[in-house]
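An overview of the molecular structure
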Amino acid sequence: MIYVIGIGPGSKEMMTLEAINAIENSEVIVGYKTYINLIHEFIKDKEVVQNGMRQEIDRCTEAVKIAKTGKNVAVISSGDAGIYGMAGLVLELVSKEEQKVEVKIVPGVTASIGAAAILGAPIMHDFCHISLSDLLTPWEVIEKRLKLAADADFVICLYNPRSKGRSEHLSKAFKIMSEFKDGKTPVGIVKDAGRENEEKFICTFDNMDFDRVDMTTMVIVGNKSTFIHEDLIITPRGYTV
Ligand code: SAH
(Lines give C-alpha, C1' and ligand atoms only; values in the text may rest on other atoms or scores of the structure.)
Protein backbone atom coordinates (compact mmCIF):
# COMPACT_ATOMS: atom_id res chain seq x y z
CA MET A 1 0.00 0.00 0.00
CA ILE A 2 1.17 3.53 -0.78
CA TYR A 3 -0.16 6.30 1.45
CA VAL A 4 0.26 9.71 -0.19
CA ILE A 5 0.12 11.98 2.80
CA GLY A 6 -0.40 15.73 3.10
CA ILE A 7 1.22 16.76 6.38
CA GLY A 8 -0.19 20.31 6.46
CA PRO A 9 1.82 23.52 6.28
CA GLY A 10 4.26 22.76 9.08
CA SER A 11 3.09 22.43 12.64
CA LYS A 12 2.12 19.15 14.25
CA GLU A 13 -1.21 20.69 15.29
CA MET A 14 -2.17 21.17 11.65
CA MET A 15 -1.68 17.49 10.77
CA THR A 16 -4.75 15.29 10.61
CA LEU A 17 -5.08 12.18 12.75
CA GLU A 18 -5.40 10.19 9.55
CA ALA A 19 -2.00 11.51 8.40
CA ILE A 20 -0.37 10.56 11.71
CA ASN A 21 -1.96 7.08 11.64
CA ALA A 22 -0.87 6.53 8.04
CA ILE A 23 2.73 7.45 8.88
CA GLU A 24 2.65 5.14 11.88
CA ASN A 25 1.26 2.37 9.67
CA SER A 26 4.08 2.72 7.13
CA GLU A 27 7.35 0.84 7.14
CA VAL A 28 9.16 3.13 4.70
CA ILE A 29 8.91 6.93 4.43
CA VAL A 30 9.66 8.68 1.12
CA GLY A 31 9.95 12.45 0.76
CA TYR A 32 11.88 15.67 0.41
CA LYS A 33 14.14 16.22 3.40
CA THR A 34 12.60 19.50 4.61
CA TYR A 35 9.22 17.77 4.99
CA ILE A 36 10.74 14.65 6.56
CA ASN A 37 12.38 16.91 9.16
CA LEU A 38 9.01 18.50 9.99
CA ILE A 39 7.57 15.13 11.00
CA HIS A 40 10.66 13.43 12.47
CA GLU A 41 8.88 12.66 15.76
CA PHE A 42 6.46 10.34 13.95
CA ILE A 43 9.13 8.67 11.84
CA LYS A 44 11.25 7.35 14.71
CA ASP A 45 13.48 4.56 13.39
CA LYS A 46 11.57 3.83 10.18
CA GLU A 47 13.48 3.44 6.93
CA VAL A 48 13.64 6.81 5.11
CA VAL A 49 14.22 7.39 1.38
CA GLN A 50 14.92 11.07 0.74
CA ASN A 51 16.45 13.06 -2.06
CA GLY A 52 16.29 16.60 -3.45
CA MET A 53 13.41 18.74 -4.59
CA ARG A 54 13.70 18.16 -8.35
CA GLN A 55 13.73 14.36 -8.07
CA GLU A 56 10.01 13.84 -7.58
CA ILE A 57 9.70 11.22 -10.34
CA ASP A 58 12.62 9.17 -8.94
CA ARG A 59 11.16 9.34 -5.45
CA CYS A 60 7.66 8.27 -6.45
CA THR A 61 9.00 5.52 -8.76
CA GLU A 62 10.99 4.21 -5.79
CA ALA A 63 7.83 4.30 -3.64
CA VAL A 64 5.94 2.21 -6.22
CA LYS A 65 8.84 -0.27 -6.32
CA ILE A 66 8.84 -0.62 -2.53
CA ALA A 67 5.04 -1.03 -2.39
CA LYS A 68 5.29 -3.87 -4.92
CA THR A 69 7.45 -5.81 -2.43
CA GLY A 70 4.45 -5.81 -0.09
CA LYS A 71 5.57 -3.04 2.27
CA ASN A 72 3.48 -0.06 3.36
CA VAL A 73 5.15 3.11 2.15
CA ALA A 74 4.32 6.74 2.94
CA VAL A 75 4.99 9.44 0.33
CA ILE A 76 5.09 12.77 2.12
CA SER A 77 3.88 16.09 0.66
CA SER A 78 3.62 19.40 2.46
CA GLY A 79 0.14 20.87 2.78
CA ASP A 80 -2.25 18.71 0.78
CA ALA A 81 -0.78 15.99 -1.44
CA GLY A 82 -3.37 16.71 -4.15
CA ILE A 83 -2.49 20.41 -4.50
CA TYR A 84 0.85 20.81 -6.30
CA GLY A 85 1.89 17.69 -4.35
CA MET A 86 2.69 14.06 -5.05
CA ALA A 87 -0.81 12.53 -5.31
CA GLY A 88 -1.23 12.97 -9.07
CA LEU A 89 2.26 11.73 -9.92
CA VAL A 90 1.92 8.59 -7.77
CA LEU A 91 -1.45 7.75 -9.34
CA GLU A 92 -0.11 8.39 -12.85
CA LEU A 93 2.83 6.05 -12.22
CA VAL A 94 0.62 3.36 -10.66
CA SER A 95 -1.83 3.57 -13.58
CA LYS A 96 1.01 2.42 -15.86
CA GLU A 97 1.85 -0.65 -13.72
CA GLU A 98 0.57 -4.09 -14.70
CA GLN A 99 0.58 -5.28 -11.09
CA LYS A 100 -2.15 -3.70 -8.94
CA VAL A 101 -0.74 -1.33 -6.33
CA GLU A 102 -3.11 0.06 -3.69
CA VAL A 103 -2.91 3.80 -3.12
CA LYS A 104 -4.59 5.85 -0.41
CA ILE A 105 -4.52 9.63 -0.61
CA VAL A 106 -4.57 11.26 2.83
CA PRO A 107 -5.69 14.92 2.66
CA GLY A 108 -3.98 17.75 4.52
CA VAL A 109 -4.38 21.47 5.27
CA THR A 110 -3.07 23.21 2.17
CA ALA A 111 -0.97 26.38 2.46
CA SER A 112 -3.76 28.70 1.28
CA ILE A 113 -6.14 27.44 3.94
CA GLY A 114 -3.48 27.56 6.67
CA ALA A 115 -2.50 31.10 5.64
CA ALA A 116 -6.13 32.24 5.35
CA ALA A 117 -6.81 31.30 8.97
CA ILE A 118 -3.81 33.37 10.07
CA LEU A 119 -5.07 36.37 8.05
CA GLY A 120 -8.69 36.17 9.26
CA ALA A 121 -11.20 35.19 6.58
CA PRO A 122 -9.80 36.38 3.24
CA ILE A 123 -11.09 33.48 1.16
CA MET A 124 -14.72 33.03 2.30
CA HIS A 125 -16.05 33.27 -1.26
CA ASP A 126 -15.16 31.81 -4.66
CA PHE A 127 -11.41 31.58 -4.99
CA CYS A 128 -8.69 29.98 -7.05
CA HIS A 129 -5.18 28.66 -6.65
CA ILE A 130 -2.59 29.72 -9.21
CA SER A 131 1.02 28.54 -9.09
CA LEU A 132 3.55 30.99 -10.53
CA SER A 133 6.08 28.22 -11.16
CA ASP A 134 6.67 27.70 -14.86
CA LEU A 135 8.78 24.57 -14.35
CA LEU A 136 5.87 22.33 -15.33
CA THR A 137 3.39 24.88 -16.76
CA PRO A 138 4.09 27.26 -19.68
CA TRP A 139 4.22 30.90 -18.53
CA GLU A 140 1.62 31.92 -21.18
CA VAL A 141 -0.90 29.56 -19.53
CA ILE A 142 -0.17 31.10 -16.11
CA GLU A 143 -0.64 34.62 -17.53
CA LYS A 144 -3.97 33.70 -19.10
CA ARG A 145 -5.26 32.18 -15.86
CA LEU A 146 -4.17 35.22 -13.83
CA LYS A 147 -5.95 37.57 -16.22
CA LEU A 148 -9.19 35.60 -16.38
CA ALA A 149 -9.29 34.89 -12.64
CA ALA A 150 -8.75 38.58 -11.87
CA ASP A 151 -11.43 39.54 -14.41
CA ALA A 152 -13.86 37.06 -12.80
CA ASP A 153 -13.11 38.67 -9.40
CA PHE A 154 -11.92 35.49 -7.70
CA VAL A 155 -9.94 35.75 -4.48
CA ILE A 156 -6.56 34.56 -5.81
CA CYS A 157 -4.10 32.45 -3.80
CA LEU A 158 -0.63 32.42 -5.31
CA TYR A 159 1.57 29.34 -4.78
CA ASN A 160 5.29 29.26 -5.68
CA PRO A 161 5.17 33.07 -5.88
CA ARG A 162 8.84 33.96 -6.06
CA SER A 163 12.12 32.09 -6.17
CA LYS A 164 15.68 33.33 -6.60
CA GLY A 165 15.71 32.18 -10.21
CA ARG A 166 12.30 33.68 -10.99
CA SER A 167 12.10 36.77 -8.80
CA GLU A 168 10.17 38.82 -11.37
CA HIS A 169 7.22 36.42 -11.73
CA LEU A 170 5.29 37.94 -8.86
CA SER A 171 5.58 41.54 -10.07
CA LYS A 172 4.60 40.41 -13.58
CA ALA A 173 1.58 38.63 -12.08
CA PHE A 174 0.55 41.80 -10.25
CA LYS A 175 0.90 43.81 -13.45
CA ILE A 176 -1.45 41.40 -15.24
CA MET A 177 -4.00 41.43 -12.41
CA SER A 178 -3.86 45.25 -12.11
CA GLU A 179 -6.13 45.57 -15.13
CA PHE A 180 -8.96 44.24 -12.93
CA LYS A 181 -7.88 44.48 -9.28
CA ASP A 182 -8.36 47.88 -7.67
CA GLY A 183 -5.29 49.42 -6.00
CA LYS A 184 -7.01 49.27 -2.61
CA THR A 185 -7.65 45.49 -2.81
CA PRO A 186 -6.26 43.87 0.36
CA VAL A 187 -3.32 41.49 -0.04
CA GLY A 188 -2.26 39.04 2.66
CA ILE A 189 1.26 37.65 2.79
CA VAL A 190 2.04 34.71 5.09
CA LYS A 191 5.53 33.30 5.24
CA ASP A 192 6.18 29.88 6.79
CA ALA A 193 2.61 29.34 8.01
CA GLY A 194 2.61 26.96 10.97
CA ARG A 195 6.40 26.87 11.08
CA GLU A 196 8.91 28.33 13.51
CA ASN A 197 9.46 31.65 11.70
CA GLU A 198 5.84 32.31 10.74
CA GLU A 199 5.29 35.90 9.57
CA LYS A 200 2.11 37.68 8.54
CA PHE A 201 1.88 40.94 6.61
CA ILE A 202 -1.13 42.81 5.24
CA CYS A 203 -0.99 45.51 2.57
CA THR A 204 -2.95 46.74 -0.43
CA PHE A 205 -2.51 45.79 -4.08
CA ASP A 206 -0.87 49.16 -4.91
CA ASN A 207 1.51 48.91 -1.99
CA MET A 208 2.50 45.29 -2.53
CA ASP A 209 5.84 44.55 -0.88
CA PHE A 210 7.38 42.02 -3.27
CA ASP A 211 10.57 41.68 -1.21
CA ARG A 212 8.68 40.04 1.66
CA VAL A 213 7.82 37.10 -0.55
CA ASP A 214 9.89 33.99 -1.14
CA MET A 215 9.26 30.34 -1.96
CA THR A 216 7.74 29.46 1.42
CA THR A 217 5.22 32.29 1.23
CA MET A 218 1.52 32.35 0.39
CA VAL A 219 0.06 35.49 -1.21
CA ILE A 220 -3.70 35.98 -1.09
CA VAL A 221 -5.26 38.76 -3.19
CA GLY A 222 -8.81 39.75 -2.20
CA ASN A 223 -11.89 40.32 -4.38
CA LYS A 224 -13.90 43.52 -4.88
CA SER A 225 -15.60 43.32 -1.47
CA THR A 226 -12.58 42.24 0.63
CA PHE A 227 -11.61 44.70 3.37
CA ILE A 228 -9.02 45.14 6.11
CA HIS A 229 -10.10 45.45 9.74
CA GLU A 230 -7.33 45.97 12.30
CA ASP A 231 -4.85 43.20 11.52
CA LEU A 232 -7.32 41.00 9.68
CA ILE A 233 -8.52 40.54 6.11
CA ILE A 234 -12.23 39.82 5.66
CA THR A 235 -14.08 38.83 2.49
CA PRO A 236 -17.82 39.09 3.15
CA ARG A 237 -19.91 36.08 2.27
CA GLY A 238 -22.85 38.37 1.52
CA TYR A 239 -24.76 38.36 4.83
CA THR A 240 -26.51 41.60 5.83
CA VAL A 241 -24.92 42.60 9.16
N1 SAH B 1 1.21 20.76 -1.54
C2 SAH B 1 1.49 22.06 -0.96
C3 SAH B 1 1.93 23.08 -1.98
C4 SAH B 1 3.28 22.80 -2.63
S5 SAH B 1 3.75 24.09 -3.71
C6 SAH B 1 0.24 22.56 -0.22
O7 SAH B 1 -0.85 22.00 -0.38
O8 SAH B 1 0.37 23.53 0.54
C9 SAH B 1 4.82 25.01 -2.68
C10 SAH B 1 4.25 26.37 -2.37
O11 SAH B 1 3.24 26.25 -1.36
C12 SAH B 1 5.25 27.34 -1.79
O13 SAH B 1 5.98 28.01 -2.81
C14 SAH B 1 4.36 28.31 -1.03
O15 SAH B 1 3.76 29.25 -1.91
C16 SAH B 1 3.28 27.39 -0.51
N17 SAH B 1 3.56 26.93 0.86
C18 SAH B 1 3.83 25.67 1.25
N19 SAH B 1 3.99 25.61 2.60
C20 SAH B 1 3.80 26.86 3.07
C21 SAH B 1 3.81 27.45 4.36
N22 SAH B 1 4.06 26.72 5.46
N23 SAH B 1 3.57 28.78 4.47
C24 SAH B 1 3.30 29.53 3.37
N25 SAH B 1 3.27 29.03 2.12
C26 SAH B 1 3.52 27.72 1.97
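Every chain is numbered independently, its residues counted from 1 as its sequence is written. Per-residue local features are limited, in this predicted model, to residues with pLDDT of at least 70; the limit for side-chain atom pairs, both in listing and counting, is 80 or more; totals at the level of whole chains, interfaces and linings are taken over all residues. Values reported for side chains reflect all heavy atoms of the structure, with hydrogen atoms and water molecules removed beforehand.

As annotated in an unreviewed UniProt entry, the protein chain carries the name Cobalt-precorrin 3 C17-methyltransferase and comes from Asaccharospora irregularis DSM 2635. UniProt positions are given in the numbering used here, feature names are shortened, and annotations may be inferred rather than shown by experiment. What the UniProt record of the protein chain gives under Pathway (unreviewed entry) is the line "Cofactor biosynthesis; adenosylcobalamin biosynthesis."

With that settled, the discussion passes to the domain arrangement of the protein chain. Taken domain by domain, the protein chain consists of domain 1 (2-106) and domain 2 (111-234). An automatic or database domain assignment supplies the start and end points of every domain. With centres defined by C-alpha atoms, the gap from domain 1 to domain 2 works out at 28 Å. On the domain 2 side, the residues contacting the 10 residues of domain 1 number 9 residues. Buried surface at the junction of domain 1 and domain 2, both sides included, amounts to about 780 Å², of which 63% is carbon and sulfur. What makes a salt bridge here is a side-chain nitrogen of Lys or Arg within 4 Å of a carboxyl oxygen of Asp or Glu, nothing more. At the boundary of domain 1 and domain 2, one finds 0 salt bridges. Between N or O atoms, a polar contact is any pair within 3.5 Å; within protein, one atom must be a potential hydrogen donor and the other a potential acceptor, and residues adjacent in sequence are included only when both atoms are from side chains. Between the two partners, domain 1 and domain 2, sit 4 residue pairs in polar contact (both at pLDDT 80 or more). Among the residues making up the side of domain 1 that touches domain 2, the classes are represented as 6 nonpolar, 3 polar and 1 charged. Contact definition: two residues touch when any of their heavy atoms are within 4.5 Å. By convention, the term buried area covers the 1.4 Å-probe accessible surface removed from two parts as they join, with the contributions of both added. Amino acid classes used here: Ala, Val, Leu, Ile, Met, Phe, Trp, Tyr, Cys and Pro are nonpolar; Asp, Glu, Lys and Arg are charged; the rest, including Gly, are polar.

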